[in-house]
Amino acid sequence: MILKPKLLKGRHVRLEPVTPEHRDELRAAVDCDPESWEIMSVNGCGEGFGDWWGALQGETERGERIGYVIRRISDKRVVGTTSLRNIRKLDRGVEIGSTFLHPDVRSGPVNPESKRLLLAQAFDAGAIRVEFLIDERNARSQAAVMKLGADREGSLRNHRVTWTGHVRDTVVLSICDFDWPAVRDRLDFRLREYAEVA
C-alpha cells in the first residue's frame, strides 16, 4: 500500500494536501466552536491554533499523516480539515481522522463526499482496512461514520488524553476492503440525492 498526498476532487468539495500557504484559510475555518475542540487531542481553537498547526505540519513531514484542507467548490471557501493518519504500509491499514468541519457545513454533502474521496484513495492504493477512532463522547461523529456503513468494533478504554487532560475512551469503527463496494454504492447514492436537490 502506497499513499501519497494528492488533490482529490468531487462534485461538492476538493481535498487539497495541506501546505504552509493554507494556514490562514484553515485557521479561519477551524478557529471556532470551542466546545467541539474540547474532545480533541490538540486544541485548534484560539491560542491553541499554533500548537495544532505545528502538530499537523510535524506529522506530515514525518510521513505519519496526509493532512487535507476541505474546500467547498461552490464558493471556493475552506470549510474544514481531515487526514489520513496512522498509515501502516505493511499491514495495509490507515485511519481517517483529525476531521473538523465548520459548523455551517456539518449537515449536507461536505462530510460524506470528503469521506468518499478518502476511502477511494485508501482502497485504490491497496488498503484492506480503514479505521475511525472517535472519542466515546462524540455521538455526532460516531453517527456520521455509522451512516457511511462502518462497523463498530468496540471501545479502547483509557486510550488517549485530550488537551484538556480528560482521559478518553475511544470507539473503534472500520470499513474493510470487502465492505468497500457496498459502502461506495451507498455513498454515491447519498451524494446523487444532494446533487438533485442543488
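In what follows, the structure referred to is the one given above.
So, here is what we can say about the structure in this document. (Residues numbered from 1 in each chain as written. Predicted model: local features only at pLDDT ≥ 70, side-chain atom pairs only at ≥ 80, totals over all residues. Heavy atoms only, no water.)

1. Here we look at the overall build of the chain
Next up, step 1: The secondary structure content of the chain amounts to six helices and eight strands.
Next up, step 2: Helices and strands appear in the chain in the N-to-C order β-β-α-α-α-β-β-β-α-β-α-β-β-α.
Next up, step 3: Overall size of the chain, expressed as C-alpha extent along the three principal axes, is 40 × 40 × 30 Å.
Next up, step 4: Put simply, the chain has 198 residues, and 48% of those count as buried.
Next up, step 5: When contacts within the chain are restricted to residue pairs at least 6 apart in sequence, long-range pairs at least 24 apart make up 62% of them.
Next up, step 6: Looking at the chain as shown, the accessible area adds up to about 10000 Å², and 49% of this sits on carbon and sulfur atoms.
Next up, step 7: Averaging the coordinates of the 32 positive side-chain charges in the chain and doing the same for the 31 negative ones gives two points 3 Å apart. (Helix = DSSP H or I, 4+ residues; strand = E, 2+ residues; numbered from the N terminus. Buried < 20%, exposed > 50% of the residue type's maximum accessible area, 1.4 Å probe, protein only. Contact = heavy atoms within 4.5 Å. Areas by Shrake-Rupley, 256 points an atom, 1.4 Å probe, with all protein chains shown as cover. Lys, Arg positive; Asp, Glu negative; His and termini not counted. Charge placed at Lys NZ, Arg CZ, Asp CG, Glu CD.)

2. Things to note about helix α3 (residues 49-61)
Next up, step 1: If you check α3, its first and last C-alpha atoms are 18 Å apart, about what 13 residues at 1.5 Å a residue would give, namely 18 Å.
Next up, step 2: When we look at burial in α3, the residues that qualify are Phe 49, Trp 52, Trp 53, Leu 56, Gln 57, Gly 58 and Glu 59.
Next up, step 3: For α3, the secondary structure elements touched by its buried residues are α1 (23-30), α2 (34-37), β3 (65-72) and β4 (78-88). (Expected span 1.5 Å × (residues − 1).)

3. Structural notes on helix α4 (residues 110-124)
Next up, step 1: Helix length check: α4 (15 residues) gives 21 Å between terminal C-alpha atoms against 21 Å at 1.5 Å per residue, within 8%.
Next up, step 2: Across the 15 residues that make up α4, a large majority, 14, are buried.
Next up, step 3: Within two residues after α4, Gly 126 carries a phi angle of roughly 105°, on the positive side.

4. Some words on the packing of aromatic side chains
Next up, step 1: Under the defined criterion, the tally for this structure stands at five aromatic pairs.
Next up, step 2: Between Phe 49 and Trp 53, the aromatic rings sit 6.2 Å apart at their centres with planes inclined by 20°, giving stacked as the arrangement. Separated by four residues within a single helix, Phe 49 and Trp 53 lie in helix α3, roughly one turn from each other.
Next up, step 3: A relative accessible area of 0% places Phe 49 in the buried class.
Next up, step 4: For Trp 53, a relative accessible area of 8% puts it in the buried group.
Next up, step 5: Residues Phe 123 and Trp 180 carry aromatic rings whose centres are separated by 5.3 Å and whose planes lie at 25° to one another, so their mutual orientation is stacked. (Phe/Tyr/Trp six-rings, centres within 6.5 Å; stacked < 30°, edge-to-face > 60°.)

5. Some words on the pairing of strand β6 (residues 129-135)
Next up, step 1: Summarising burial for β6: six of the seven residues are buried, a large majority.
Next up, step 2: The pairing of strand β5 (residues 93-101) with β6 spans three bridges and is classified as parallel. Paired with Gly 93 across the strands is Arg 129, a residue of β6.
Next up, step 3: In this fold, β5 hands off to α4, which returns the chain to β6; that crossover is right-handed.
Next up, step 4: For β6 and strand β8 (residues 167-176), the ladder comprises seven bridges, and the chain directions are antiparallel. Looking across to β8, one finds that Leu 133 is bridged to Val 172. (Pairing = 2+ DSSP bridges. Right-handed = clockwise from strand over helix to strand, strands pointing away.)

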